[in-house]
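Single-letter residue listing:
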Amino acid sequence: MSSAPVPTDPTPSDPDEASAFADLGLRAELLAALSALGYEEPTPIQREAIPPLREGRDLLGQAATGTGKTAAFALPLLQRMPEDRSGGDPLALVLVPTRELAVQVSEAFHRYGKDLGARVLPIYGGQPIGRQLRSLDAGVDVVVATPGRALDHIARGTLRLGNLGTVVLDEADEMLDMGFAEDIEAILEHAPAQRQTVLFSATMPARIDGLARQHLTDPVRIQIERERPVAGEAPRVRQSAYIVARAHKPAALGRVLDVESPTSAIVFCRSREEVDRLTETMNGRGYRAEALHGGMSQEQRDRVMGRLRSGTADLLVATDVAARGLDVEQLSHVVNYDVPSAPESYVHRIGRVGRAGREGVAITLAEPREHRMLKTIERVTGQRILIDKIPTVADLRTRRLALTQAALRESLLEDDLEPFRVIAESLTDEFDLMEVALAAVKLAHEATLPGSDDEAEEIPQVAVRPAREGRPGHEGRGERRGPARPRATGTVQVFVGLGRRAGVRPQDLVGAITGETGVRGRDIGSIEIADRFSLVEVPVGVADEVIQGLRGSTIKGRKATVRRDRDGDGDGGRFDSRERRDRR
Ligand code: AMP
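Residues numbered from 1 in each chain as written. Predicted model: local features only at pLDDT ≥ 70, side-chain atom pairs only at ≥ 80, totals over all residues. Heavy atoms only, no water.

Check the secondary structure of the protein and you find 21 helices and 19 strands. In the protein, buried positions account for 52% of the 584 residues. Put simply, 79% of the contacts in the protein that link residues at least 6 apart link residues at least 24 apart. Taken as a whole, the protein presents about 26,300 Å² of accessible surface, with 50% of it coming from carbon and sulfur. (Helix = DSSP H or I, 4+ residues; strand = E, 2+ residues; numbered from the N terminus. Buried < 20%, exposed > 50% of the residue type's maximum accessible area, 1.4 Å probe, protein only. Contact = heavy atoms within 4.5 Å. Areas by Shrake-Rupley, 256 points an atom, 1.4 Å probe, with all protein chains shown as cover.)

Encoded structure:
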C-alpha cells in the first residue's frame with residue numbers, strides 16, 4: 001500500500017449552515033420520517049435534486065448507489081402525493097434494473113412515506129404474478145418495477161399508465177446494459193406525454209444521452225462529481241477499501257480494527273440510527289466505542305470527547321455533522337462504515353488523519369453495489385484507493401503473533417527480568433528451556449490480546465470486477481440461439497438448470513447475478529438459453545461467487561441447479577442442446 005497526499009478542503013462547512021431537509025420545503029410527515037431514521041442532513045444530490053423535482057421539472061442526474069439518489073427522487077414524489085387516495089391507477093412508476101433494487105426502492109418509499117399512507121408496490125419477475133395482480137387491482141400510488149415485468153402487466157391491461165404524473169428511470173445505464181432498451185421505449189410509449197421524467201445513471205455514455213434527449217424535456221442536469229476539491233496542505237493518508245456484504249459489515253469492521261490496531265479511530269456512519277446501532281454492536285464485540293451524533297446534547301458530546309482523549313474509549317462512531325469541527329489529535333484511522341455520499345465528504349473525513357506529518361490510514365467498507373462510488377471518489381480526488389481483501393482468520397492470527405513477538409522483544413530489550421530468573425531456573429530442572437519459553441509466550445499472548453482467534457469467523461470475500469469498456473455478449477434483449485462465439489479467455493460457463501420452458505430470459509439471469517453478487521451486468525459474457533437449461537459465461541475469478549449467488553436465489557420463482565459447466569473447454573464453447581441433454 002502506498003501513501004499518497006490527499007487534497008483537503010481548507011474551509012469545511014459549518015454544521016449550522018448546513019442546509020437541512022426543512023429548507024428543502026419538505027412536508028412535516030416526511031421530515032418526521034427522516035428524523036426518525038436519523039438522517040441529519042441532505043446529501044449533495046438530494047440538496048440539488050429535490051427543489052426542481054418538487055416543482056415538476058424533468059431531471060437528468062449522474063449519481064451512483066451510495067449518493068442517496070433514491071431519497072432524492074422518492075421524497076419529492078411523496079411530497080406531491082394527494083392525501084386519502086383510495087383505489088386508482090399509479091401516479092408514479094419507477095423502473096429499475098433488478099428485482100433486488102425494486103425491493104430496496106419500495107422499502108425506501110415505505111420508510112419515508114409511512115405517515116402519508118403511500119401505497120407502493122414492487123413488481124418484478126420471479127414473484128408470483130397473482131399477488132401483484134391483486135395489489136394492482138386494489139389500487140396503488142407508486143409502482144417500482146423491472147422493465148420486463150412492467151411490460152408484461154401493461155400487455156395484460158393490469159398496469160395502466162394513464163394517470164402517471166412521473167416516470168423515474170433508476171440506474172438507467174444498468175438497464176441498457178441488461179438489454180432493456182426496447183422495453184423502456186415500449187413502456188414510455190404507454191405513459192402520458194405530459195409527465196415528469198427523471199433519469200438517474202451512474203455513467204453517462206452516449207446511449208443514455210440519447211435516451212434523455214428523446215424522453216426528457218428541458219431537464220435539470222445534476223452531476224455530483226462536478227468540482228475537484230481544492231488541493232491544500234496534503235495529509236499523508238494510506239487509503240484502502242474492502243468490499244463486503246451488508247450482513248458481514250460489523251464483523252469486517254472488527255477484523256480490520258484487530259489487524260490495524262489503531263491508536264484511536266473514528267468510524268463514520270450515515271445516520272444517527274446507524275451510529276447508535278453500530279456503537280452497541282461494537283461494544284458487544286468487546287471494543288470500547290462511543291457514539292457521537294447530532295441528537296446528543298453538548299454535555300453528552302463533551303463527555304464522549306473526554307473519554308476518547310483520556311483513552312477510556314478508543315473508537316468514536318460518528319455522523320458527519322457531529323464530527324465537523326472536532327479536533328482529535330491522536331486519531332490514527334478514519335473508517336467509512338458506508339461509502340460517503342459525495343467525494344467532498346470523503347475528503348473531509350479522511351482529512352482528519354495524517355496531520356502534522358504523521359501517516360494516517362483511511363479505510364472504507366463498501367457494499368458490492370457501491371463499488372462505482374469508490375471509482376467516482378478516486379476520479380475526483382485523483383488518488384488511488386486500494387481494494388484490499390478482508391483479513392482472514394489466518395491473517396489475524398499472524399498479526400496477533402507478530403504483536404506478541406514485538407511486545408516480548410521490547411521486554412527483552414527494556415525490562416529488568418532478573419526477578420523472574422528463579423522461576424525460569426526452577427522450571428528448567430523439570431522441563432526443556434524451549435518448552436518453558438513457549439509456555440511463557442503463550443501466557444503473554446493470551447494476556448495482551450484477550451479473545452481467542454479460534455472463535456473468529458471467516459468473512460466471505462466479494463469479488464468486484466473492474467469496469468470494462470464495451471461488452472461482448474448479450475447486447476439487446478433477444479436470446480441468442482445456435483452456435484455461440486468462441487469463449488473469451490479467462491471465462492467459464494455456468495450451467496443453470498432452467499431454460500426457455502421455465503420462461504427464462506437473459507435479463508432474468510443477469511438480474512439474478514447482479515442482484516446477488518458484486519458482479520456487474522457488463523462483466524457477464526454470452527448467455528445461451530436452451531429449452532431446459534441455460535449457460536452463462538462469467539470471468540473465472542467470480543465463477544464461485546456467481547454460483548453461490550444463483551444457488552441462493554430463485555429464477556422465475558424457481559430454484560435451479562447451478563454449477564460450473566461440466567463440458568468445460570472440450571467443445572470450444574459450441575452449443576448443441578441435444579448433445580448436452582444426451583450427456584446429462
Ligand atoms: P442510495 O444511494 O439511494 O442507494 O442510498 C444509500 C444509503 O444512504 C441508503 O442506505 C439510505 O438509507 C442512506 N441515505 C440516503 N440519504 C441519506 C441522508 N440524507 N442521510 C443519511 N443517510 C442517507
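Within the open sheet, the 4 strands sit side by side as 17-18-16-19. Their pairing is antiparallel. Whereas interior strands pair on both sides, the edge strands pair on one side only; in this sheet they are strand 17 (527-529) and strand 19 (562-564). Taken over all neighbouring pairs, the strand axes of this sheet differ in orientation by 25° on average, direction set aside. As paired strands, strand 16 (residues 491-496) and strand 18 (residues 534-539) are joined by 6 bridges and run antiparallel to one another. What sits directly across from Q493, in strand 18, is E537. Strands in contact with helix 19 (residues 506-516) are strand 16, strand 17 and strand 18; relative to strand 17, the strand with the most contacts, it is inclined by about 130°. On the sheet, helix 20 (residues 543-551) packs against strand 16, strand 18 and strand 19 and is oriented at approximately 165° with respect to strand 19. (Pairing = 2+ DSSP bridges. Axes fitted to C-alpha atoms, helices over the stretch in contact; angles between N-to-C directions.)

Right, let's get into unusual backbone geometry. In this model, E171 sits at a positive phi of 50°, which is unusual for a non-glycine residue. Mapped onto the fold, E171 is located in the loop between strand 6 (166-169) and helix 7 (172-177). One non-glycine residue, K556, adopts positive backbone phi at about 50°. With respect to the helices, strands and loops of the structure, K556 is situated in the loop between helix 20 and strand 19. On the accessibility criterion, K556 (27% relative accessible area) is partly exposed.

Attention shifts here to the confidence of the model for the protein. In this model, the protein carries a mean pLDDT of 83, and residues with pLDDT of at least 70 account for 85%. Across residues 1-19 the pLDDT falls below 50, and counting only partners more than four positions away or on other chains, this stretch makes 53 contacts in the model. (pLDDT = per-residue confidence, 0-100.)

Looking now at the site of the ligand. Neighbouring residues of the ligand: 13 residues in total, closest Y39, Q46, G66, G68 and T70. In the model, a nitrogen atom of the ligand is placed 2.7 Å from a nitrogen or oxygen of the Q46 side chain. Coverage of the ligand by the protein amounts to 82% of the 500 Å² it exposes when considered alone. By residue class, the composition of the shell around the ligand is 3 nonpolar, 7 polar and 3 charged. (Near = heavy atom within 4 Å. Polar contact = N/O pair within 3.5 Å; in protein donor to acceptor, adjacent residues only side chain to side chain. Nonpolar A, V, L, I, M, F, W, Y, C, P; charged D, E, K, R; others polar.)

Our focus in this paragraph is the packing of aromatic side chains. Applying the stated rule across the entire model yields 5 aromatic pairs. Between F73 and F109 the ring centres are 6.4 Å apart and the planes differ by 45°, which places this aromatic pair in the tilted class. With F73 in helix 3 (residues 69-79) and F109 in helix 4 (residues 99-113), the pair connects residues that are 36 residues apart, well separated along the chain. We classify F73 as buried; its relative accessible area is 2%. On the basis of relative accessibility, which here comes to 0%, the residue F109 falls in the buried class. A ring pair is formed by F73 and F200, whose centres lie 6.0 Å apart and whose planes are at 35°; its orientation type is tilted. Taken as a pair, F73 in helix 3 and F200 in strand 7 (residues 196-201) lie far apart in primary sequence, 127 residues in all. Judged on exposure class, the residue F73 and its partner F200 are both buried. One aromatic cluster in this structure is built from F21, Y39 and Y112. Sitting over the face of the ring of Y337, K249 holds its NZ or CZ atom 5.1 Å from the ring centroid. (Phe/Tyr/Trp six-rings, centres within 6.5 Å; stacked < 30°, edge-to-face > 60°. Lys NZ or Arg CZ within 6 Å of the ring centre and 35° of its normal.)

With that settled, consider the packing of helix 10 (residues 249-260) against helix 16 (residues 393-414). For the pair helix 10 and helix 16, the least separation of the axes is 9 Å and the interaxial angle reads 25°. With respect to helix 16, the axis of helix 10 lies roughly parallel. Viewed along their axes, helix 10 and helix 16 form a crossing whose handedness is left-handed. Within the contact between the two elements, helix 10 uses R255, D258, V259 and E260 and helix 16 uses V393, L396, R399 and R400. Residue composition of the contact of helix 10 with helix 16, by class: 3 nonpolar, no polar and 5 charged. (Parallel < 35°, antiparallel > 145°, perpendicular 65-115°, else oblique. Left-handed = near helix turned anticlockwise from the far one by under 90°.)

With that out of the way, let us pick up helix 6 (residues 147-156). Among the residues of helix 6, P147, G148, R149, A150, H153 and I154 are the ones counted as buried. Buried-residue contacts for helix 6 involve strand 3 (92-95), strand 4 (120-123), helix 5 (129-138), strand 5 (142-145), helix 7 and helix 8 (181-190). Once helix 6 finishes, G157 follows within two positions and takes phi at roughly 80°, a positive value.

With that settled, the discussion passes to a nonpolar patch on the surface. A contiguous nonpolar patch, built from L412, L417, F420, V422, I423, L427 and F431 and spanning about 660 Å² of accessible area, is present on the exposed surface. On the secondary structure map, V422 appears in helix 17 (residues 421-430). (Patch = residues over 30% accessible without salt bridge, like charges linked within 9 Å, V, L, I, M, F, W, Y side chains within 5 Å. Salt bridge = Lys/Arg side-chain N within 4 Å of Asp/Glu carboxyl O.)

This part covers the pairing of strand 12 (residues 315-318). Side chains L315 and V317 of strand 12 all project onto a buried face; the interleaved residues L316 and A318 project onto the opposite face, where all are buried too. Both strand 10 (residues 265-268) and strand 12 contribute to a ladder of 4 bridges, which runs parallel. Paired with A265 across the two strands is L315, which belongs to strand 12. Of the strand pairs in this sheet, strand 11 (residues 289-292) and strand 12 are connected by 4 bridges, and their pairing is parallel.

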